[in-house]
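# Breakdown of the fold
One letter stands for each residue in the lines below.
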Amino acid sequence: MRRTGPDPDETAHAGDASGLNRRISLVVLGARLGMLWERIWPRLVPAVAIAAVFCILSWLGVWPGLNPWLRIALVGVFALALLVSLFPLVRVRLPSPAQAVARVEQASRLRHRPISAMRDTLSGSVSGEARALWEAHRRRTAAAIGRLDAGSPRPRMAAHDPYALRAIVLFAFIAAGAYAGSDRLSRIGQAFLSPAAQLASATRLDAWVSPPPYTGRPPALLTGDVARQDTVISVPAGSRLVVRTGDARDISLAWSPDTGARQDIAATSAESDARLAEITHDLDVTGTAEIRRGSAQVALWRFEVVADIAPTIAMTREPEGLASGALRLVYDVSDDYGVVSASARISAADADVAARPLVPAPDVQLTLPQLRARSGTAQTVRDLTAHPWAGATVIAVLEARDDAGQTGLSDPVRFTLPARRFHEPLARALVEQRRILALDRNSDRTVWRSLEVLALAPETFATPTSVYLGLRSATHRLRLARSDDDLRSVIDLLWEIALVIEDGDLADVARDLRAAQEALQRALDANASDEEIARLVDELREALDRFIQELARRAADPGNLAELPNMENLQTVTPQDLNNLLDSIENMARSGARDQAQQLLSELRNMLESLQSGQMQQSAEQQQMSRTLEELADIIRRQQELMDQTFRLDRQGPMRQDGQTGQPGDRDGQMAPGEESRRDGSRQGLRDGADAELEGLERAQGELREQLQEMLRRLQESGHNGEEQLGRAGDAMGNAEGAIGQGETGEAVQSQSEALDALRSGARQLADQLARSMGMQGTGENRAQTDPMGRPNRTQGPDLGTSVQVPDEIDAARARQILEELRRRLSDTARPRLELEYLERLLGR
């Protein structure tokens, strides 16, 4: 049966032959390329070496130091040499396919040239038998072909460069490139500059931008990445650009602002060194600065000027008057570089257009959180009760100022200026007429008639003679006044008369105290010398002593008790606390912390206002509780002494039981011959002494427990806290008393320790209750951690009261007693060596 389709063997052979031909073609192509590289590279190496030498010279900075024309000539020589070295490439011929096949057969180690046989073809017409024979030959040849290899290129550079100069050029190329860094391209470009451009590039500049001093920012040097033309340099407004050079004097600055005309600024001699050329320019707007030498550009910088934002200030609460009549302002301030001063602008509200004030509005300088504060909250307390505008309705606007002279204003606030409260009707009337006259000079006639009425019938109203004479003097001055100064003297006189009517002698010392405070405040604001500050602090201390003495004298007078307001919302402040505060103000001023000194002075003013308002008075109940706390502290101290004595007996107890005396000579329990009879008598004496001491301890423990029970009874009657803890302490004392009576000193020490813990807890509860009754901030545990104004001491952090148990005064005293006892026992050389070594470790020796 005949087959009509293709022969499967022939189809498979055709596929294998096609794949073999593709593989041969690829290998032959690779061989041709390798042979081409062998012919090109030896002829290309000179050109590459010339280009590498050119780059080496460029990266080493040779061109800027050469004469421009010599540089151009050298560049031309390099260009000509490069062209000449490339000329041999013209004669390079491509390898023929036959040459590539021969290379493949040689590299693959093929015998009888099988690849050439595979690439041969039959010529002319042949018979079928001949064609079949040819195909059989091809199949046998293809089967003989194995792995094909094009061979690696071998340019044989050793024959062309026997001294390996190419390696020297390569190493120099790598080193010069590393030396040039990121300036590699720019240094190559220096070889192609014009003579003028080369002169400009060789000019060395020292350039920087100095921000305004108040910004606190360092100068910005215009070097490195900062000096790149694509870099935008951000600087504060008011910064100064300074450019200096010693290489030339024909440099200039072309300033091109984004808005406005271009400015050309020529160089001048520097003030520090006349040999240097200098250019300065203040940067107020964003723009581009170009430094030129002749017609060539030396440097180009782009500056973005950041405007200085005006400060802001805002009240966080409404203005309020304190108990003493002082005005308190609380506000927030902020500025990008810091606020240097703040004040309150006060103007009369609902004032008549025709009104002409005799006295200007009060000038209130505000306290800052700190000098040049960028943000923060602050408060200012000013006593304006003596100002003629006190009691008037005003509008206040807060103003903040920064170093650049910019100001920020708060929203206006309408309020009534705090005024002193006068209890005497005549004093109130005089102060009111004084305010009317101060706010409008045209009201002098009306005020004069009112004063005439107030001076009528002094006998009927029991007006003191001195007050009556003052009233008559005021009316005559007012009637005869010819100038504004005459009227202002009447305003001052009316205030003095009102103070005499209301306060008597206290008015003089209070006025002296205010004057001393204001003098010190002005000195701190003016940055006065240390000697001036010390003198003013001494004057304030003397005025403060007189003021406190006068307050004490008035408080001791039963007739003045009704006039003292019942205010119990402040801590007790002693004269020593005030003196310490004055010392702190002086020390801060000497050390340069003037802003902190001003803040302390403001707080001192608040404290004195509280003193003057009678806010330091303790009630009888508080005094009784204070005495109870003192008695409880004494009980704790005595209980501690009893526990120490019991502990000492407990240490001696085991030695009595095993018959030892505790002497160092018999620690091993061995006695010399003839010693036994004498030791028996000494043992009996020790037992009798210990029993007597135990009886004394039991009796003392019982008396202390009874004293605590009596105190607990008084506390229960008054309804105070602490009964639970003190009751637990009494039970522990009873247990200790019973244990001592039975000779169980170890158990007694444990009960006494529990009693001490309960006593201290009860003392803290009583201190807390006393603090709350006095309106103090914090708890009894925190009281010792604050200064007289309720602020944390420097040794305490803001959160120690809640996260760390800080010892109170009782615990601190106990720690000192323990240290003294440890040192005393360590000094006793008769104690066992093991105990002495333990004591040394406890004391850290």
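Residues numbered from 1 in each chain as written. Predicted model: local features only at pLDDT ≥ 70, side-chain atom pairs only at ≥ 80, totals over all residues. Heavy atoms only, no water.

## A short note on the overall build of the protein
When helices and strands are counted, the protein shows 25 helices and 18 strands. Across the 845 residues in the protein, those meeting the buried criterion constitute 38%. A sequence separation of at least 24 residues applies to 72% of the contacts in the protein between residues at least 6 apart. When the accessible area of the protein is evaluated, it comes to approximately 47200 Å², of which 52% is carbon and sulfur surface. (Helix = DSSP H or I, 4+ residues; strand = E, 2+ residues; numbered from the N terminus. Buried < 20%, exposed > 50% of the residue type's maximum accessible area, 1.4 Å probe, protein only. Contact = heavy atoms within 4.5 Å. Areas by Shrake-Rupley, 256 points an atom, 1.4 Å probe, with all protein chains shown as cover.)

## Some thoughts on the nonpolar core
Counting 49 residues, the largest nonpolar core has Ile313, Leu329, Tyr331, Leu366, Leu398 and Leu417 as the members making the most contacts within it. Per-element accounting of this core gives the leading share, 10 residues, to helix α13 (residues 484-502). Ignoring sequence-local partners within four residues, the contact set of Leu398 consists of Ile313, Met315, Leu329, Tyr331, Ser343, Ala344, Leu366, Gly408, Leu409 and Ser410. Of all hydrophobic cores here, the second largest spans 28 residues; its members include Leu629, Ile635, Leu756 and Leu766. (Core = buried A, V, L, I, M, F, W, Y, C linked by side-chain atoms within 4.5 Å.)

## Some remarks on α13
Count 3.6 residues to each turn of an α-helix, and residues three or four apart come out pointing the same way. Given a rise of 1.5 Å per residue, 19 residues ought to cover 27 Å, and the 28 Å separating the end C-alpha atoms of α13 matches this to within 8%. Every buried residue belonging to α13 is among Leu487, Val490, Ile491, Leu493, Leu494, Trp495, Ile497, Ala498, Leu499, Ile501 and Glu502, and all of these are buried. (Expected span 1.5 Å × (residues − 1).)

## What about the packing of aromatic side chains?
For the structure shown, the criterion picks out seven aromatic pairs. Plain terms: the ring middles of Phe54 and Phe192 are 5.8 Å apart, the flat faces sit at 50 degrees to each other, and that makes the pair tilted. Of this pair, Phe54 sits in helix α1 (residues 8-59) while Phe192 sits in the loop between α8 (184-189) and α9 (195-201), placing them 138 residues apart in sequence. Take Phe54: its relative accessible area is 12%, and that puts it in the buried class. Plain terms: the ring middles of Tyr214 and Tyr337 are 5.9 Å apart, the flat faces sit at 75 degrees to each other, and that makes the pair edge-to-face. Highlighted residues: Tyr214 in the loop between β1 (206-210) and β2 (220-221) and Tyr337 in strand β13 (residues 327-348), separated in sequence by 123 residues. Exposure remark for Tyr214: the relative accessible area of 19% places this residue in the buried category. Grouping aromatic residues by their ring pairs yields a cluster made of Phe54, Trp63, Phe78 and Phe192. Note that Arg420 overlies the ring of Phe422, its terminal NZ or CZ placed 5.3 Å from the centroid. If you follow Arg445 out to its NZ or CZ, it ends over the ring of Trp448, 5.6 Å from the centre. (Phe/Tyr/Trp six-rings, centres within 6.5 Å; stacked < 30°, edge-to-face > 60°. Lys NZ or Arg CZ within 6 Å of the ring centre and 35° of its normal.)

## Describing the sheet that holds β2
Spatially, β2-β1-β4-β8-β7 is the arrangement adopted by the five strands of the open sheet, whose pairing is antiparallel. Each edge of the open sheet carries a strand with a single partner, namely β2 and β7 (268-269). As paired strands, β1 and β2 are joined by two bridges and run antiparallel to one another. Note that in β2 the partner of Val209 across the bridge is Ala220. (Pairing = 2+ DSSP bridges.)

## Examining the pattern of salt bridges
Tallying each qualifying case throughout the model produces 26 salt bridges. Arg244 is the salt-bridge partner of Glu278, the closest N and O atoms lying 2.5 Å from each other. Taken together, the positions of Glu278 in strand β8 (residues 277-283) and Arg244 in strand β4 (residues 239-245) put the pair 34 residues apart, joining distant regions of the chain. Accessibility expressed as a relative area gives 24% for Arg244, which makes it partly exposed. Here Arg637 ties to Asp634 by a salt bridge, and the two come within 2.5 Å at their closest N and O atoms. In this pair, Arg637 and Asp634 are both assigned in helix α18 (residues 620-657), three residues apart and thus about one turn of the helix distant. (Salt bridge = Lys/Arg side-chain N within 4 Å of Asp/Glu carboxyl O.)

## Let's talk about helix α3 (residues 97-108)
Over its 12 residues, α3 extends 16 Å from the first C-alpha to the last, a length consistent with the 16 Å expected when each residue adds 1.5 Å. Where α3 is concerned, the buried positions are Ala100, Val101, Arg103, Val104, Glu105 and Ser108. Once α3 ends, the next one or two residues include Arg109, with phi positive near 60 degrees.

## Here we look at the pairing of strand β18 (residues 413-416)
Of the two faces of β18, the one lined by Val413 and Phe415 is fully buried and the one lined by Arg414 and Thr416 carries no buried residue. The sheet contact formed by strand β16 (residues 393-402) and β18 spans four bridges and is antiparallel. Note that in β18 the partner of Thr393 across the bridge is Thr416.

## Points about the environment of Ala419
Its place among the elements puts Ala419 in the loop between β18 and α10 (425-439). When the C-alpha atoms of Ala419 and Leu384 are compared, they prove to be 7.3 Å apart, with 35 residues separating the residues in sequence. Not counting residues within four places of it along the chain, the set of residues in contact with Ala419 comprises Gly325, Thr385, Ala390 and Gly391.

## A few points about the packing of α10 against helix α11 (residues 444-454)
Across the interface, α10 lies against α11 with an axial gap of 9 Å and an inter-helix angle of 170 degrees. Judged by the angle between their axes, α10 and α11 are roughly antiparallel. Judged by the twist between their axes, the crossing of α10 over α11 is left-handed. Only Asp444, Val447, Ser450, Leu451 and Leu454 of α11 make contact with α10, whose side of the interface consists of Leu426, Ala429, Leu430, Gln433, Ile436 and Leu437. (Axes fitted to C-alpha atoms, helices over the stretch in contact; angles between N-to-C directions. Parallel < 35°, antiparallel > 145°, perpendicular 65-115°, else oblique. Left-handed = near helix turned anticlockwise from the far one by under 90°.)

## Concerning unusual backbone geometry
Unlike most non-glycine residues, Ala164 shows phi in positive territory, near 55 degrees. Structurally, Ala164 can be placed in the loop between α6 (157-160) and α7 (165-180). For Ala164, a relative accessible area of 32% corresponds to the partly exposed category.

## Things to note about the sheet that holds strand β5 (residues 251-257)
Strand order in this open sheet of five strands is β3-β10-β9-β5-β6, and the pairing throughout is mixed. Edge positions in the sheet fall to β3 (232-236) and β6 (263-266), since each of these pairs with one other strand and no more. The mean inter-strand angle of the sheet, taken between neighbouring strand axes irrespective of direction, is 30 degrees. Of the strand pairs in this sheet, β5 and strand β9 (residues 287-293) are connected by seven bridges, and their pairing is antiparallel. By the bridge assignment for β9, Ile251 is matched with Arg293.

## A short note on the packing of helix α12 (residues 465-480) against α13
Between α12 and α13, the least distance of the axes is 10 Å, while the angle of their chain directions is 165 degrees. Classified by the interaxial angle, the pair formed by α12 and α13 is roughly antiparallel. Here α12 and α13 pass one another in a crossing that is left-handed. Contacts between α12 and α13 involve Val467, Gly470, Leu471, Ser473, Ala474, Arg477 and Leu478 from the former and Leu487, Ser489, Val490, Leu493, Leu494, Ile497 and Ile501 from the latter. Tallied by class, residues from the contact of α12 with α13 come to 10 nonpolar, three polar and one charged. (Nonpolar A, V, L, I, M, F, W, Y, C, P; charged D, E, K, R; others polar.)

## What about the environment of Glu318?
Structurally, Glu318 is set in the loop between β11 (312-315) and β12 (320-321). With 96 residues separating them in the primary sequence, Glu318 and Arg414 have C-alpha atoms 9.1 Å apart.

## So, a nonpolar patch on the surface
A grouping of Leu170, Phe171, Phe173 and Ile174 is seen on the molecular surface, where their side chains present a nonpolar patch of about 410 Å² in accessible area. Position of Phe171 among the secondary structure elements: in helix α7. Overall, Phe171 belongs to the exposed group, its relative accessible area being 59%. (Patch = residues over 30% accessible without salt bridge, like charges linked within 9 Å, V, L, I, M, F, W, Y side chains within 5 Å.)

## With respect to a positive patch on the surface
There is a patch of like positive charges on the surface, built from Arg445, Arg449, Arg479 and Arg482. Considering the arrangement of structural elements, one finds Arg445 in helix α11. Residue Arg445 is classed as partly exposed on the basis of its relative accessible area, which comes to 34%. (Lys, Arg positive; Asp, Glu negative; His and termini not counted. Charge placed at Lys NZ, Arg CZ, Asp CG, Glu CD.)

## Notes on the side chain of Ser58
Topologically, Ser58 is positioned in helix α1. Looking at Ser58, the relative accessible area reads 1%, which means it is buried. Here Trp63 takes part through its side chain, which lies 2.5 Å from a polar atom of the side chain of Ser58. Excluding residues that lie within four positions of it along the chain, Ser58 makes contacts with Trp63, Arg187, Ile188 and Ala191. (Polar contact = N/O pair within 3.5 Å; in protein donor to acceptor, adjacent residues only side chain to side chain.)

Honestly, it's all geometry; don't read function into it.
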